[in-house]
Amino acid sequence: MFDVITIGSATMDAFIETDAAKIVSVTSMKDSAEFMAYPYGAKIEIDNFKSSTGGGAVNTATNFSNLGLKTSTIIKIGSDNQGKTVVDNLVKFKVDTSNVKMCNDSTTGFSVILTSFQGDRTVLAHRGPNATITTKDINFDAIKKSKWLYIAPLNGHSREVLDEIAVFAEENGVKTAINLGTSSIKQGVDKLAKVLSTAEVITMNLEEASMLTGIKVRPDTKEEKFSRNLVHPDVMAMLKSIKASHPKIVMITDGKNGVYAYDGNTLYRCPEFPANVVSTLGAGDAFSSTFVASLMKTNNNIEKSLKYASINAAAAVSKFGAQEGFLTFSEIEKKLNESPDFVVDKCHFDITIDNSDNSNLKM
């Protein structure tokens, strides 16, 4: 029996850092966006380069195992050197590899991560076999015998297995945590109804939550949005809209602005734990998998689990590579004990939010 099985993507990641990257902001009456830009036609000097294994299923599996959980992963790789490197790294982290599927006619997924001077990144992704997972590739007997199933973003044809594995897990008493990802979210709420309703934990970033719910955070109140003890009504509306699909816990992450969690009765706001940000790639994987592992460790203490997750995510972004900074539970607890001022704001909140109201809601 496994404590947790992850399913999703496996990649080789190439991290490229250069101070030549420019951040271009574009704002309109309705929204705003930022773009990473380089001089057109120029040859750019690279300041730092590193390659490592990645992908949502691999990042979360290695983190779960590093936190002491018996872990396996369901991934699909190519029969190439990159695929071998992925497996070798899983073995290094003591992740069971019996559910890894090898695809002989494709190369392992690959990503180029362009990192800015701010530590944020743009990812160029080649999906490879990650987009071809079918039910034939899934060991349902192993899932049946596990305590948790963690579903990382599934892309391409792979997202077609979502309903079947979600229903199977529910029917067999296996708790599920889901990070849907943009590709699945684009299908719409109706298509995702079964997955959402069976989830113990669902997590996504603010942009994905906006895409799923159709609710935008209006720029006219953006500057006040993350003042301490204030909640923007649009963010609260997103949480309540997603909760209406009946997952147990909804989490929305927003990078340096922290994380919101909502269980239908209590709203939690966890700030970002201080970090020297080198690369934000894998921060969401570190946060969500640590949160799930912490729920197991703390008997579903959401407040403490948010603290643990924030601390481990901060450690992850301080390294140039998605898995380099992972901490153990004892290391996380040490940092927490050394940071008595690190607190999670919370309040009981179960009222209808009028999304047309621009006033902030105090916790």
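Remember, it's a predicted structure, so these values are computed and weren't measured experimentally.

Cut-offs applied
Residue numbers run consecutively from 1 along every chain, following the written order of its sequence. Selection of residues for local features in this predicted model requires a pLDDT of at least 70, selection of side-chain atom pairs for listing and counting requires 80 or more, and totals for whole chains, interfaces and linings are taken over all residues. The side-chain figures draw on all heavy atoms in the structure; neither hydrogens nor water molecules are used. A pair of strands is treated as paired once DSSP finds two or more bridges between them. Only DSSP runs of H or I reaching four residues or more are called helices, and only runs of E reaching two or more are called strands; each is numbered from the N terminus. Whenever a helix is involved, its axis is fitted only over the stretch in contact; in every case the axis is a line through C-alpha atoms, and angles between N-to-C directions fall within 0 to 180 degrees. When checking whether two residues touch, look at their non-hydrogen atoms; a contact exists if any pair is within 4.5 Å. Reported orientations rely on four angle classes, namely roughly parallel under 35 degrees, roughly antiparallel over 145, roughly perpendicular from 65 to 115, and oblique for the rest. The crossing is said to be left-handed when, going from far helix to near helix, the turn is anticlockwise and less than a right angle, and right-handed when the turn is clockwise. Nonpolar cores were defined as sets of buried Ala, Val, Leu, Ile, Met, Phe, Trp, Tyr and Cys residues, with membership established by side-chain atoms within 4.5 Å. Exposure classes here rest on a 1.4 Å probe applied to the protein chains alone. A residue is buried below 20% of its type maximum, exposed above 50%, and partly exposed in between. Salt bridge, as applied in this entry: a Lys or Arg side-chain nitrogen positioned within 4 Å of an Asp or Glu carboxyl oxygen. Patch definition: residues with relative accessible area over 30% and no salt bridge; like charges joined within 9 Å; nonpolar side chains (Val, Leu, Ile, Met, Phe, Trp, Tyr) joined within 5 Å. Every accessible area reported is derived by Shrake-Rupley at a probe size of 1.4 Å, with residue values counting cover from the shown protein chains alone. Polar contact is the term for a pair of N or O atoms within 3.5 Å; when the atoms are in protein, one must be able to donate a hydrogen and the other to accept it, and sequence-neighboring residues count only if both atoms are side-chain atoms. For this analysis, a ring pair means two rings from Phe, Tyr or Trp (six-membered ring only for Trp) whose centres lie within 6.5 Å, classed as stacked if their planes differ by under 30 degrees, edge-to-face if by over 60, and tilted for the remaining angles.

**Brief notes about the sheet that holds strand β12 (residues 201–205)**
Part 1 of the reasoning: Taken in spatial order, the 10 strands make up an open sheet running β7-β6-β1-β10-β11-β12-β14-β15-β16-β17, and their pairing is mixed. Because the sheet does not close on itself, it has two edges, and the strands there are β7 (100–103) and β17 (345–348). The mean inter-strand angle of the sheet, taken between neighbouring strand axes irrespective of direction, is 15°.
Part 2 of the reasoning: In this sheet, β12 lies alongside strand β11 (residues 175–179) in parallel orientation, the contact comprising three bridges. Directly across from Ile-178, in β12, lies its bridge partner Ile-202.
Part 3 of the reasoning: Along the sheet, helix α2 (residues 81–92) makes contact with β6 (71–78) and β7, crossing β6 at roughly 170°.
Part 4 of the reasoning: Running at roughly 20° to strand β16 (residues 266–270), helix α10 (residues 302–317) makes contact with β14 (249–253), β15 (259–262), β16 and β17 of the sheet.

**What about the packing of helix α7 (residues 206–213) against helix α8 (residues 233–243)?**
Two quantities define a packed helix pair, namely the angle between the helix axes and the distance between the axes.
Part 1 of the reasoning: With their axes 10 Å apart at the nearest point, α7 and α8 run at an angle of 60° to one another. By the criterion of interaxial angle, the relationship of α7 to α8 is oblique. For α7 against α8, the interelement crossing comes out left-handed. On α8, the residues touching Leu-206, Ala-209, Ser-210, Leu-212 and Thr-213 of α7 are Val-235, Met-238, Ser-241 and Ile-242.

**Thoughts on the nonpolar core**
Part 1 of the reasoning: By size, the foremost hydrophobic cluster in this structure holds 45 residues, and its most contacted members are Ile-7, Ile-138, Leu-149, Leu-180 and Leu-239.
Part 2 of the reasoning: A total of six residues in this core trace back to one element, the largest contributor, which is α8.
Part 3 of the reasoning: Residue contacts for Leu-239: discarding those within four places in its chain leaves Val-250, Ile-252, Tyr-260, Tyr-262 and Leu-267.
Part 4 of the reasoning: Ranked by size, the runner-up nonpolar core spans 38 residues in total, among them Tyr-268, Phe-273, Leu-295 and Leu-327.

**Quick word on the pattern of salt bridges**
Part 1 of the reasoning: Scanning the entire structure with this criterion turns up nine salt bridges.
Part 2 of the reasoning: Across the pair Glu-338 and Lys-334 runs a salt bridge whose closest N-O atoms are separated by 2.6 Å.

**Concerning a nonpolar patch on the surface**
Part 1 of the reasoning: The grouping of Val-24, Val-26 and Phe-35 at the surface amounts to a nonpolar patch, some 250 Å² of accessible area in total.
Part 2 of the reasoning: When you line up the elements, Phe-35 lands in strand β4 (residues 32–37).
Part 3 of the reasoning: Take Phe-35: its relative accessible area is 46%, and that puts it in the partly exposed class.

**Remarks on the sheet that holds strand β8 (residues 109–115)**
Part 1 of the reasoning: Spatially, β5-β2-β8-β9 is the arrangement adopted by the four strands of the open sheet, whose pairing is mixed. Each edge of the sheet is formed by a strand with only one pairing partner; in this case those strands are β5 (48–54) and β9 (121–126). Here the strands of the sheet are splayed against their neighbours by 20° on average, with no regard to which way each runs.
Part 2 of the reasoning: Pairing of strand β2 (residues 11–17) with β5 involves seven bridges; the strand directions are antiparallel. When the sheet's bridge partners are listed, Thr-11 is paired in β5 with Gly-54.
Part 3 of the reasoning: Set on the sheet, α2 makes contact with β2 and β5; between it and β2 the angle comes to about 95°.

**Some thoughts on the side chain of Thr-18**
Part 1 of the reasoning: Along the chain, Thr-18 falls in the loop between β2 and β3 (22–27).
Part 2 of the reasoning: You can call Thr-18 buried: its relative accessible area is 4%.
Part 3 of the reasoning: There is a polar contact of 3.1 Å between the side chain of Thr-18 and the backbone nitrogen of Ala-20.
Part 4 of the reasoning: Aside from chain neighbours lying at most four places away, what touches Thr-18 is Tyr-38, Ile-44, Glu-45, Ile-46, Asp-47 and Thr-115.

**Remarks on the packing of aromatic side chains**
Part 1 of the reasoning: All chains considered together, the criterion is met by four aromatic pairs.
Part 2 of the reasoning: Ring centres of Phe-64 and Tyr-150 lie 5.8 Å apart, and the angle between their planes is 70°; on these two criteria the pair is classed as edge-to-face. Within this pair, whereas Phe-64 is found in helix α1 (residues 56–66), its partner Tyr-150 is found in strand β10 (residues 148–151), the two being separated by 86 residues in sequence. For the pair formed by Phe-64 and Tyr-150, the shared burial category is buried.
Part 3 of the reasoning: Ring centres of Phe-140 and Phe-168 lie 5.0 Å apart, and the angle between their planes is 70°; on these two criteria the pair is classed as edge-to-face. With Phe-140 in helix α3 (residues 140–144) and Phe-168 in helix α4 (residues 162–171), this pair connects stretches of sequence that are 28 residues apart.

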